[in-house]
Amino acid sequence: MLTGGFLDELASAAPTPGGGGASACVGALAAALASMVGNITANSKRYAAVHEEMRAAVGRLDALRADLLHLAELDAAAFKPLSEAFKLPADTPAQIAEKDLALQSALVGACDVPLDMMRTCASILDECAYMVREGSRMALSDAGAAAAFAKAAIQGAALNIYINAGWMTDQALAVGYTSKAHQIIRESGSLADDLYEHVAATVSGGE
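Being a predicted model, the structure only gives us computed values, none of them experimental.

Student: With reference to specific residues and values, describe the environment of Leu 115.
Tutor: Mapped onto the elements, Leu 115 comes out in helix α4 (residues 93-134). In contact with Leu 115, not counting residues within four places along its chain, are Ile 161, Tyr 177, Lys 180 and Ile 184.

So this is what it looks like as structure tokens:
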């Protein structure tokens, strides 16, 4: 996924991949980096007491990384019906009604996918917390970087929810999506900040 070709597509004028797909890839990088910390720890005799749990954590992170790469594909797929809905004619009352129905239906998918991304990245942050706490001190900065990446991915995915919910005519549905996004940002953002600050202070000699 994160190849020169993907980055060229991302930089092009094509609407996909966009912020959603890029956020999923950043989240996948967070998972991969946290997995690296786990693998380093699981292969160090010094941390023999946590080898079993480290390997289990790496297994969970590998699954979360795969989930995010799949969500990147789903994000691009969810954009297609949304784009098609915006292009529908709206010259008659019947056409306006048909367009609105198609648009509102497409907006649900366009919010569901980034919300799943946010939840997946929140799970990655939980694993990052374990890596910061129990992982090899030689890879502590990598665990902190993984937490920072996961937070960035959560924030990026949230923006997709906010913009798509803004087009919804069902205000209760829109508020439901934005409220869930706000909660994840609040809870996971706070965790990510705590992890980053702890790692930064430790590796710079502040703790």
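Student: Tell me about the packing of helix α2 (residues 19-42) against helix α5 (residues 140-165), residues and numbers included.
Tutor: Taken N-terminus to C-terminus, the directions of α2 and α5 make an angle of 160 degrees; their axes are 8 Å apart at the nearest point. In terms of their interaxial angle, α2 and α5 are classed as roughly antiparallel. Handedness of the crossing formed by α2 with α5: left-handed. Listed contacts from α5 to Gly 19, Gly 20, Ser 23, Val 26, Gly 27, Leu 29, Ala 30, Leu 33, Ala 34, Met 36 and Val 37 of α2 are Asp 142, Ala 143, Ala 145, Ala 146, Phe 149, Ala 150, Ala 152, Ala 153, Gly 156, Ala 157 and Asn 160. Looking at side-chain class alone, the contact of α2 with α5 contains 15 nonpolar, 6 polar and 1 charged residues.

Student: So what's going on with a nonpolar patch on the surface? Which residues, and what values?
Tutor: Residues Phe 86, Ile 163 and Trp 167 make up a contiguous nonpolar surface patch of roughly 320 Å² in combined accessible area. With respect to the helices, strands and loops of the structure, Phe 86 is situated in helix α3 (residues 51-87).

Student: How would you explain unusual backbone geometry if you had to name every residue and give the values?
Tutor: Cis geometry is adopted by the peptide bond preceding Pro 17, which originates at Thr 16 and carries an omega value of 0 degrees. Inspection of the secondary structure assignment puts Pro 17 in the loop between α1 (4-11) and α2.

Student: Tell me about the pattern of salt bridges, residues and numbers included.
Tutor: What the rule picks out here adds up to 6 salt bridges. Arg 60 is the salt-bridge partner of Glu 53, the closest N and O atoms lying 2.8 Å from each other. Note on Glu 53: relative accessible area 33%, which makes it partly exposed. Overall, the relative accessible area of 36% leaves Arg 60 in the partly exposed class. Here Arg 133 makes a salt bridge to Glu 134, at a shortest N to O gap of 3.9 Å. The class for Arg 133 is exposed, based on a relative accessible area of 53%. A single network of salt bridges, built from pairs that share partners, joins Glu 53, Arg 60 and Glu 127.

Student: Give me the nonpolar core: which residues, what numbers.
Tutor: Leu 68, Met 118, Ile 124 and Met 131 are the most contacted members of the largest nonpolar core, which has 58 residues in total. No other element matches α4, which puts 18 residues into this core. Not counting residues up to four positions away in its chain, the partners in contact with Met 118 are Ile 154, Ala 157, Ala 158, Ile 161, Ala 181, Ile 184 and Ile 185.

Student: Any details on the state of the cysteines? Residues and values, ideally.
Tutor: Counting across every chain of the model gives 0 disulfides. The thiol of Cys 111 is not disulfide-bonded; the next cysteine sulfur, from Cys 121, is found 17 Å away. The structure places no disulfide on Cys 121, whose sulfur is separated from the nearest cysteine sulfur, that of Cys 128, by 9.6 Å.

Analysis parameters
- Residue numbers run consecutively from 1 along every chain, following the written order of its sequence.
- Confidence filtering applies because this is a predicted model: local features only for residues at pLDDT of at least 70, side-chain atom pairs given and counted only at 80 or more, and all residues used for totals across whole chains, interfaces and linings.
- The side-chain values count all of the structure's non-hydrogen atoms but skip hydrogen atoms and water molecules.
- Helical segments are the DSSP runs of H or I of at least four residues, strand segments are the runs of E of at least two, and each set is numbered from the N terminus.
- A contact between two residues is defined here by any heavy atoms of the two lying within 4.5 Å.
- For helices, the axis comes from a line fit to the C-alpha atoms of the stretch in contact; other axes are also lines fit to C-alpha atoms, and the angle between any two N-to-C directions lies between 0 and 180 degrees.
- Put simply, angles under 35 degrees are roughly parallel, angles over 145 are roughly antiparallel, angles from 65 to 115 are roughly perpendicular, and the rest are oblique.
- Crossing handedness follows the turn of the near helix against the far one: under a right angle anticlockwise gives a left-handed crossing, and clockwise gives a right-handed one.
- Each residue is assigned to one class: nonpolar for Ala, Val, Leu, Ile, Met, Phe, Trp, Tyr, Cys and Pro, charged for Asp, Glu, Lys and Arg, and polar for all the others, Gly among them.
- Each patch groups residues whose relative accessible area exceeds 30% and which form no salt bridge, using 9 Å between like charges and 5 Å between nonpolar side chains of Val, Leu, Ile, Met, Phe, Trp and Tyr.
- Note on areas: Shrake-Rupley, 1.4 Å probe, and residue coverage restricted to the protein chains presented here.
- One speaks of a salt bridge when a side-chain nitrogen belonging to Lys or Arg is within 4 Å of a carboxyl oxygen belonging to Asp or Glu.
- Between buried and exposed lies partly exposed: a residue is buried under 20% and exposed over 50% of the maximum accessible area for its type, with that area taken using a 1.4 Å probe on protein chains only.
- Side-chain atoms within 4.5 Å are what join buried Ala, Val, Leu, Ile, Met, Phe, Trp, Tyr and Cys residues into a set we call a nonpolar core.
- Our working definition of a disulfide is a cysteine sulfur pair at a distance within 2.5 Å.

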